[in-house]
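Survey of secondary and tertiary structure
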Amino acid sequence: MTSTPMPPLPSPRPLRALRGEIVHFLGDPAELGARAIEQFTDGVLLVQDGRIAELGPAAELLARLPADLPIDDYRGHLILPGFIDTHTHYAQIDVVASYGEQLLTWLQKYTFPAEARFADPQHASAAAAFFCNELLRNGTTTACVFATVHSSSVDALFMAAQRRNMRLITGKVLMDRNCPPGLRDTAETGELESRQLIERWHGRDRLLYALTPRFPATSSDGQMRMAARLFAQHPGLHLQSHLAESRSEIDWVAALYPHARSYLDVFAQFGQLGPRSVFAHGIGIDDEDRARMAATGAALSFCPSSNLFLGSGLFDLERAGEAGIRVGIGTDIGAGTSVSMLRTLGDAYKVLQLQGQSLAPERAFYLATLGGARSLYLDDRVGSFAAGREADLTVLDTQATPLLARRIETCSTLAERLFALMTLGDDRCVRATHILGEPAWQR
Ligand code: GUN
Ligand code: ZN
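Criteria and cut-off values
- Residues numbered from 1 in each chain as written.
- Chains lettered and ligands numbered in written order.
- Predicted model: local features only at pLDDT ≥ 70, side-chain atom pairs only at ≥ 80, totals over all residues.
- Heavy atoms only, no water.
- Donors = N, O, S within 2.8 Å, 3.2 Å for Na, K, Ca; no water.
- Tetrahedral: all angles 85-135°; square planar, octahedral: opposite > 155°, others 65-115°.
- Helix = DSSP H or I, 4+ residues; strand = E, 2+ residues; numbered from the N terminus.
- Buried < 20%, exposed > 50% of the residue type's maximum accessible area, 1.4 Å probe, protein only.
- Patch = residues over 30% accessible without salt bridge, like charges linked within 9 Å, V, L, I, M, F, W, Y side chains within 5 Å.
- Areas by Shrake-Rupley, 256 points an atom, 1.4 Å probe, with all protein chains shown as cover.
- Salt bridge = Lys/Arg side-chain N within 4 Å of Asp/Glu carboxyl O.
- Arc of directions from axis to C-beta.
- Polar contact = N/O pair within 3.5 Å; in protein donor to acceptor, adjacent residues only side chain to side chain.
- Contact = heavy atoms within 4.5 Å.
- Expected span 1.5 Å × (residues − 1).
- Core = buried A, V, L, I, M, F, W, Y, C linked by side-chain atoms within 4.5 Å.
- Axes fitted to C-alpha atoms, helices over the stretch in contact; angles between N-to-C directions.
- Parallel < 35°, antiparallel > 145°, perpendicular 65-115°, else oblique.
- Left-handed = near helix turned anticlockwise from the far one by under 90°.
- Nonpolar A, V, L, I, M, F, W, Y, C, P; charged D, E, K, R; others polar.
- Near = heavy atom within 4 Å.
- Phe/Tyr/Trp six-rings, centres within 6.5 Å; stacked < 30°, edge-to-face > 60°.
- Lys NZ or Arg CZ within 6 Å of the ring centre and 35° of its normal.

**Digging into the coordination of the zinc ion (ligand 2)**
For the zinc ion (ligand 2), the full set of protein donor atoms is His-87 (NE2), His-89 (NE2), His-242 (NE2) and Asp-332 (OD), at a range of 2.0 to 2.4 Å. Classification of the site at the zinc ion (ligand 2) rests on its 4 donor atoms, whose angles at the metal span 90 to 165 degrees, yielding the label irregular. Here the donor residues of the zinc ion (ligand 2) are spaced in sequence according to H-x1-H-x152-H-x89-D. Of the two residues, His-87 is situated in strand 5 (residues 83-89) and Asp-332 in the loop between strand 13 (326-329) and helix 13 (341-353); the sequence distance between them amounts to 245 residues. Summarising the burial analysis for this pair, His-87 and Asp-332 share the class buried.

Put into structure tokens, the structure is as follows:
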């Protein structure tokens, strides 16, 4: 995996201990089976200067720790790495639950007008603060986020994440055709503004920049080439876009790019595939596309809630896995209907059921944590409790609702409890979220 120097992180308390049932992943349960999971039913997690120092059985660690060290006591709760949302749109927070349309008409009728409001920096700032608070309230500590075409919308989100010490990826949307005039840039202004934002934000604190061509239908050839050029020039940048989501959108992209073999081939021809490129949806891809994604290291974001809500189609996780593609989970607000990764995992299960596939609960929580980190090439920093990782975590309460509490009583294994959580759980289950060890949200 990637290895980069680890700068010191801001953390008010040099040493912090948390106690509870600790669960995290050492690898993909689909490959490693039970060896993929590390669990301490009564465990202690030791955080030093914002990073994981050690974890193990409480009885063992407590005997060695200073007697006066305060301990965050979450006994009776599950402590997991913070969730990683690999695809969402902060500027669509007010679009959630917009009635009656499929992708292309939904974009025109609801989404573009909502994004146009982000020309106002005050509106963007307020939405960014709300959105980051929602992430934390839902146990999500890292997200890969679309801003809007407005540079100031990117500033607003980076500032909100920086204030909360979050690890977050975002970028200015690039779109220079087939969209309302107020939301249109050009290849030149798109390049200039992206460069300025990269200079201002990329690698600052925990923030990373993503080149963000919305989808090939709204970028000219020149803009697609420009995005690829910047992607190649700047080390460590991400590139995010949408891929083969719905039938009419796929047909439109095919008509706009008659020389491309497939939707994915458009990105390939412009040089946009590679490590740290992340594509939402990928419903209408074929095995040749899958092989190409795996070979180039490009990732898919599976957005089940969005795909159900817009009626886009069913994502084939089994085939993506067989091809060896990196896959994470995306809420895709506002086509997705919940910020909660628990609810999104519940939807993922149902989408796979419709195809005769079963999403094992261990695999689901792997995808929402370490799998997401791997798809974003951030697994050397977040996604697990391996020593040295940034101590972002979520504390889950399996007693949060009467029905969940009742169902949990009948569970005898961790897998059964995780499945009950992803089927019945939501934001109410998030007892606390810690960023770099520090509480960032508590119920
Ligand atoms: N394709 C292009 N833009 C979007 C968007 O904002 N949401 C979704 N779901 N698909 C898109
Ligand atoms: Zn999206």
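**Topic: a nonpolar patch on the surface**
Together, Leu-308, Leu-314 and Leu-354 make up a nonpolar patch on the protein surface, roughly 260 Å² of accessible area in all. Its location among the elements puts Leu-308 in helix 11 (residues 304-309).

**Notes on helix 10 (residues 287-296)**
Note: α-helices contain 3.6 residues per turn, so residues at a spacing of three or four share the same orientation. Asp-289, Arg-290 and Met-293 are the residues of helix 10 that are buried. The buried residues of helix 10 all sit within an arc of 100 degrees when viewed along its axis, so they share a single face.

**Focus: the side chain of Thr-398**
Positionally, Thr-398 belongs in the loop between strand 14 (393-396) and helix 15 (402-409). Owing to a relative accessible area of 7%, Thr-398 belongs among the buried residues under this scheme. Within the structure, the side chain of Thr-398 is placed 3.5 Å from the side chain of Gln-399, a separation counted as a polar contact. Setting aside anything within four residues of it in sequence, one finds Thr-398 in contact with Leu-78, Leu-404, Ala-405, Ile-408 and Leu-421.

**Quick look at helix 7 (residues 221-233)**
Helix length check: helix 7 (13 residues) gives 18 Å between terminal C-alpha atoms against 18 Å at 1.5 Å per residue, within 8%. Considered for burial, the residues of helix 7 that qualify are Gln-223, Met-224, Met-226, Ala-227, Ala-228, Leu-230 and Phe-231.

**Description of the nonpolar core**
Ranked by size, the top nonpolar core spans 111 residues in total, and within it Tyr-90, Leu-243, Met-293, Leu-300, Phe-365 and Leu-396 carry the most contacts. Here this core gets 7 residues from one element, more than from any other, and that element is helix 4 (residues 121-137). Discounting residues that sit within four places of it in the chain, Met-293 has contacts with Leu-243, Leu-264, Phe-279, Ile-285, Ala-298, Ala-299, Leu-300 and Ile-325. Among the nonpolar cores identified, the runner-up in size contains 14 residues, and Leu-55, Tyr-74, Phe-385 and Val-395 belong to it.

**Section: the packing of helix 14 (residues 361-375) against helix 16 (residues 414-424)**
Where helix 14 contacts helix 16, the axes come no closer than 8 Å and their chain directions differ by 60 degrees. Taken together, the axes of helix 14 and helix 16 are oblique relative to one another. When the axes of helix 14 and helix 16 are compared, the crossing they make is left-handed. Judged by residue contacts, Pro-361, Glu-362, Ala-364 and Phe-365 of helix 14 engage Ala-415, Leu-418, Phe-419, Leu-421 and Met-422 from helix 16. Here the residues of the contact of helix 14 with helix 16 are counted per class, giving 8 nonpolar, no polar and 1 charged.

**Section: the site of ligand 1**
His-89, Gln-92, Leu-103, Trp-106, Leu-107, Arg-214, Phe-215, His-242, Glu-245, His-281, Asp-332 and Ala-335 make up every residue found near ligand 1. In the model, an oxygen atom of ligand 1 is placed 2.9 Å from a nitrogen or oxygen of the Gln-92 side chain. Measuring from a nitrogen atom of ligand 1, one finds a side-chain N or O atom of Glu-245 at 2.7 Å. A total of 3 residues in the shell around ligand 1 trace back to one element, the largest contributor, which is helix 3 (residues 103-116). Within the shell around ligand 1, the residues separate by chemical class into 5 nonpolar, 4 polar and 3 charged.

**Section: the packing of aromatic side chains**
A complete count under the given rule lists 11 aromatic pairs for this structure. With a centroid separation of 5.4 Å and 85 degrees between ring planes, the pair formed by Tyr-90 and Phe-118 is classed as edge-to-face. Of the two residues, Tyr-90 sits in the loop between strand 5 and helix 3 while Phe-118 sits in the loop between helix 3 and helix 4, which places them 28 residues apart along the sequence. Since its relative accessible area comes to 0%, Tyr-90 is described here as buried. Chaining the aromatic ring pairs together yields one cluster made of Tyr-90, Phe-118 and Phe-131. Just above the ring of Trp-201 sits the side chain of Arg-204; from NZ or CZ to the centre is 4.7 Å.

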